[in-house]
Each structure stands twice: as structure tokens, then as C-alpha cells.
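Listed below, chain by chain, are the residues.
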Amino acid sequence: MRPLTACLVLLLGLCACAPQAAAPADGDAPVVWRFAIEETAGSVQDAYAQRFKQLIEERAGGRVKVIVYPYGTLGTSDHITEQLYCNTIQFATASPGHLGKLIPEVQVFLLHYALSSDEQVNKHVLQRSEPLRKALRELYAEKDLVYLSAFSEGWMVWTTRKAVRTPADFAGVKMRVMTSPLLLAAYKSYGASPTPMPYSEVYSGLQLRMIDGQVNPIFAIQEMSFYEVTDYLVFPGHAQFFTTVATNPAFLDSLSAADRAMVEQVIDELHDDIFTIQRDFNRERLELIYKKRPKLREQTLRLNAAERAQFAERARAQRAKYVELAGPRGKALLELLDREIAAAARELGEGDAGD
Ligand code: 6CS
């Protein structure tokens with residue numbers, strides 16, 4: 001059993017799987033490429049996958065059919081990663097909030113106050129930085145995955161039962177976080193009681209009061225109906241939600257040079273599309289939330305500089321925790337990201353936080 005399989009079997013309690021290629025073309029029948037996402041239909045990741053499908057199918061001229069599997073059809077995020085590893089699916093989103101258990105270094109995208117407050121700067125780095133891409137490619141390759149891309153899905157927002165403006169307000173608040181150990185440490189340092197759980201269990205967790213709050217971008221709070229089971233929307237401005245897109249190495253190797261180039265080209269083009277889509281979704285869905293629950297308009301808190309500073313102060317320890325979890329290569333990746341963000345900010349001229 002290869003190391004990743006062993007790791008995931010332990011992690012997920014799943015049986016080892018036999019690697020399996022994408023369905024071969026049968027006469028004129030198109031080859032099927034399967035793309036699994038960690039979000040439901042209508043989400044940012046769905047928009048990404050649907051656009052990928054459209055562009056690939058157009059450019060392949062009928063040779064390829066892309067099937068998109070929304071969250072819930074293939075299990076949790078961990079299950080999706082396992083199926084990508086097995087080549088049962090050929091493309092998947094793999095969010096650091098969950099993938100960090102398998103590739104600790106990727107938790108660099110979870111650090112609070114680490115990337116730029118200017119979304120354009122982050123986009124520029126994720127789209128253009130060759131050293132970052134190379135580093136991530138190497139890390140994913142070690143787990144028999146191929147890193148393709150990373151993008152932001154918008155600013156993280158806390159939904160809470162009580163007003164949270166400072167770390168003191170978090171005392172006794174059970175916050176659901178994604179399953180990365182770094183996030184657990186982060187919310188502990190803020191004074192909350194963090195509870196890791198899969199995305200699919202969050203709504204019932206809030207409804208049954210097993211948890212008091214959770215953190216996700218606005219579009220997700222709307223589409224997963226978390227706004228129905230909260231009293232406050234808190235914009236702390238501490239982090240954006242980043243996801244990554246990955247493929248299977250055996251699948252990629254099986255492609256012709258032209259099809260590989262087509263995939264790389266489409267992935268590159270999607271950076272611009274998804275940036276606009278996530279920004280529009282997050283704006284529009286906030287209005288939908290207010291329409292359904294007008295009270296939340298008054299109970300939206302945008303933390304001021306002094307309040308943010310209290311969280312930022314506590315977040316400083318996250319860097320050391322990250323290095324403890326991700327080791328020397330994680331440290332090098334963080335330093336690389338710092339340099340790339342600083343260089344992009346100089347090049348673009350840093351703007352205002354976009355939350
Ligand atoms: O909170 C989560 O687990 C999920 N949130 C989003 C916005 N996308 C996927 C992720 O698994």
C-alpha cells in the first residue's frame with residue numbers, strides 16, 4: 001500500500017482502492033472526466049467546475065465530456081480527495097481547511113492576517129507566482145496528487161449566537177472549524193472552543209446547538225442556510241477562504257500534450273472568471289440573507305481597527321504553530337509566500353480590504 005493510501009485509510013476509515021483510469025473512448029463516445037467539488041450546486045466551486053466543463057467541452061470538440069459531482073454525492077472533502085487519489089475522479093477541489101491533515105504545508109493558506117488584505121494581490125500571487133506553484137506541485141506530488149491552482153472564495157465571516165467583537169467575547173463559544181489542526185489552534189488562541197466537523201454536518205450542529213457558530217464566506221452562509229440558525233454576522237477581516245484544484249498524476253500522464261496544454265490553459269483562464277464570480281456571489285448573497293432575515297442587517301458587525309488588532313495580536317502565535325505542524329518545508333513555503341505577497345503588493349499598489 002502506498003503511503004498516501006495508508007494515511008487516508010487511517011484517516012478516513014476507508015478501504016484501499018484500486019487505481020482506475022477515466023473511461024476510455026468507445027468509438028465516437030466522448031471520454032468522461034469527472035470533477036468533484038466540496039460545495040453544492042450554485043456555489044463558487046460549482047461555478048468554477050461548470051465553467052471548466054464548458055471550456056473543456058468546447059475546446060475538445062466533443063471528444064471529452066466533463067461530469068461535475070457536487071458536495072454530498074461522493075461524501076465529505078476527505079472522501080473526495082481519496083477518490084481523486086484513486087483516479088475514480090480526475091479533478092477535484094481540495095480545500096486546505098481539510099487537506100491540511102494530509103499535506104500540512106498547505107495550511108499556509110489558513111493563517112490569519114498572513115495573506116494580503118487586497119484580494120487582487122492574492123489573486124496575482126496565486127495566478128502568477130512560479131516559485132509558489134513549483135513548491136505546491138512538489139508537495140502534492142509526494143501524495144500522488146497534482147496541484148493545478150488555488151483561488152479565493154471570499155472573506156471569512158463568523159456566524160454566532162452572541163455578539164463577538166473581541167477575544168473575550170469568544171469565551172465559551174463553540175465554533176465549528178474545518179478539520180485542519182491549525183484552525184483548532186487558531187480558535188483556541190482566540191478564546192473559543194473550536195469543534196472540527198465536515199461541512200455537511202454544520203447546519204444540524206447549529207440547529208441542535210451542538211455548536212454556537214461557524215466560519216465561512218457569505219455565499220456559503222447563504223447557500224447552506226447557516227443564516228437561518230445564527231443571530232450575528234461578524235466580519236473580522238482576518239482571512240479569506242482559499243481552495244485548491246488538483247488532478248490525478250496517472251490521468252494527467254495519460255493525456256496527449258495538446259490536451260495537457262488545454263487543461264493548463266483553461267485552469268489559467270479561470271483565475272479571472274472565478275475572481276469576479278466569487279466577488280459577485282458574496283455581494284449578492286448578503287442581500288439575499290438580509291431579505292430573508294432583516295434582523296441580521298442590524299446584527300452585522302464589522303470589527304474596527306482596535307478590535308481587529310486584538311485578534312491579530314493573538315494570531316501571531318499561529319505562525320509558530322504552523323511551522324510546528326508543517327516543519328522546515330512549511331517554514332520555507334510561508335517565507336516564500338510572504339516574499340511573493342510583498343512583491344505583488346509593491347507591483348500592484350495595495351488597496352483596501354474587500355470585505
Ligand atoms: O467549511 C467547509 O468545510 C467548506 N466551506 C466552503 C466554503 N467550501 C468547502 C469547504 O469544505
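Let me begin by describing the structure that accompanies this report. (Residues numbered from 1 in each chain as written. Predicted model: local features only at pLDDT ≥ 70, side-chain atom pairs only at ≥ 80, totals over all residues. Heavy atoms only, no water.)

## Here's the deal with the nonpolar core
Note the threshold: Think of a nonpolar core as a cluster: buried Ala, Val, Leu, Ile, Met, Phe, Trp, Tyr and Cys residues, connected wherever their side-chain atoms sit within 4.5 Å. Relative accessible area decides the class of each residue, using a 1.4 Å probe on protein chains only: under 20% of the type maximum gives buried, over 50% gives exposed, and in between gives partly exposed. Per the convention used, a helix needs a DSSP run of H or I reaching at least four residues, while a strand needs a run of E reaching at least two, with both numbered from the N terminus.
Formed by 114 residues in total, the largest nonpolar core has its most connected members in Trp 33, Trp 158, Phe 170, Tyr 187 and Leu 233. If you tally residues by element for this core, the top one is helix α11 (residues 257-292), at ten residues.

## A closer look at the site of the ligand
Heads up, the rule is: Only heavy atoms are used to decide nearness, and a residue is near a molecule or strand if one of them lies within 4 Å of it. Charged residues are taken to be Asp, Glu, Lys and Arg, nonpolar residues to be Ala, Val, Leu, Ile, Met, Phe, Trp, Tyr, Cys and Pro, and polar residues to be all remaining types, Gly included.
Around the ligand, the neighbouring residues are Glu 38, Glu 39, Ser 77, His 98, Arg 176, Met 178, Tyr 199, Asn 216, Pro 217, Phe 219, Ala 220 and Phe 241. The residue makeup of the shell around the ligand, split by class, is six nonpolar, three polar and three charged.

## Re the sheet that holds strand β7 (residues 193-196)
Defined as follows: Between any two strands, pairing holds if DSSP finds at least two bridges. To obtain each axis, a line is fitted to C-alpha atoms, and for helices this fit is confined to the stretch in contact; angles are then taken between N-to-C directions over 0 to 180 degrees.
As summarised here, the arrangement of the six strands in space is β7-β6-β8-β5-β9-β11, forming an open sheet in which the pairing is mixed. In this open sheet, the two edge strands, each paired with only one partner strand, are β7 and β11 (300-302). On average, adjacent strands in this sheet sit at an angle of 25 degrees to one another, irrespective of strand direction. Sheet topology places strand β9 (residues 232-235) next to β11; three bridges connect them, and they run parallel. The partner of Leu 233 across the bridge, within β11, is Thr 300.

## Quick word on unusual backbone geometry
You will see that Asn 87, though not glycine, has its phi angle at about 65 degrees, which is positive. Here Asn 87 shows up in the loop between α3 (77-85) and β3 (91-94). Overall, the relative accessible area of 5% leaves Asn 87 in the buried class. Positive phi is not limited to glycine here, since Asp 144 has a value of about 60 degrees. Among the structural elements, Asp 144 can be located in the loop between α6 (130-142) and β4 (146-155).

## Details of the packing of aromatic side chains
Working definition: an aromatic ring pair is given by the centre-to-centre distance plus the angle between the planes. Where we set the bar: Classification of ring pairs uses Phe, Tyr and Trp, with its six-membered ring standing for Trp, and accepts pairs whose centres are within 6.5 Å; under 30 degrees between planes counts as stacked, over 60 as edge-to-face, and the remaining range as tilted. Either the NZ atom of lysine or the CZ atom of arginine qualifies as a charge over a ring when it sits within 6 Å of the ring centre and within 35 degrees of the ring normal.
This structure, assessed with the given rule, holds 20 aromatic pairs. Note on Phe 170 and Tyr 187: the rings are 6.2 Å apart at their centroids and 80 degrees apart in plane angle, and the pair reads as edge-to-face. Within this pair, whereas Phe 170 is found in the loop between β5 (157-160) and β6 (174-177), its partner Tyr 187 is found in helix α7 (residues 181-189), the two being separated by 17 residues in sequence. Each member of the pair Phe 170 and Tyr 187 is classed as buried. On the numbers, 5.1 Å between centres and 85 degrees between planes, the contact of Tyr 190 with Phe 311 is edge-to-face. Here Tyr 190 is found in the loop between α7 and β7, whereas its partner Phe 311 is found in helix α13 (residues 305-315), with 121 residues between them in sequence. You'll find Tyr 190 and Phe 311 in the same group, each marked buried. An aromatic cluster of at least three residues, connected via ring pairs, comprises Trp 33, Phe 35, Tyr 48, Phe 52, Phe 91, Phe 151 and Phe 251. The ring of Phe 275 has Lys 123 sitting right over it, with the charged end atom 5.8 Å from the ring centre.

## Some details on the sheet that holds β3
The sheet built from five strands is open, its strands ordered β2-β1-β3-β10-β4 with mixed pairing. Only two strands of the sheet have a single partner each, and these edge strands are β2 (64-69) and β4. Within this sheet the neighbouring strands show an average axis-to-axis angle of 20 degrees, counted without direction. Direction of pairing for strand β1 (residues 31-36) relative to β2: parallel, over a ladder of six bridges.

## So, the packing of helix α5 (residues 119-128) against helix α14 (residues 317-348)
Applied cut-off: For classification purposes, an angle smaller than 35 degrees is called roughly parallel, one larger than 145 roughly antiparallel, one from 65 to 115 roughly perpendicular, and anything else oblique. Crossings are sorted by hand: turned counterclockwise from the far helix by less than a right angle, the near helix makes the crossing left-handed, and turned clockwise it makes it right-handed. Should any heavy atoms of two residues lie within 4.5 Å, those residues are counted as being in contact.
Packing of α5 against α14 brings their axes to within 9 Å, and their N-to-C directions diverge by 120 degrees. Considering their axes alone, α5 and α14 lie oblique with respect to each other. The element α5 and its partner α14 pack so that their crossing is right-handed. Between α5 and α14, the contacting residues are Gln 120, Val 121, Asn 122, His 124 and Val 125 on the first element and Leu 337, Glu 340, Ile 341, Ala 344, Ala 345, Glu 347 and Leu 348 on the second. Residues belonging to the contact of α5 with α14 are distributed by class as follows: seven nonpolar, three polar and two charged.

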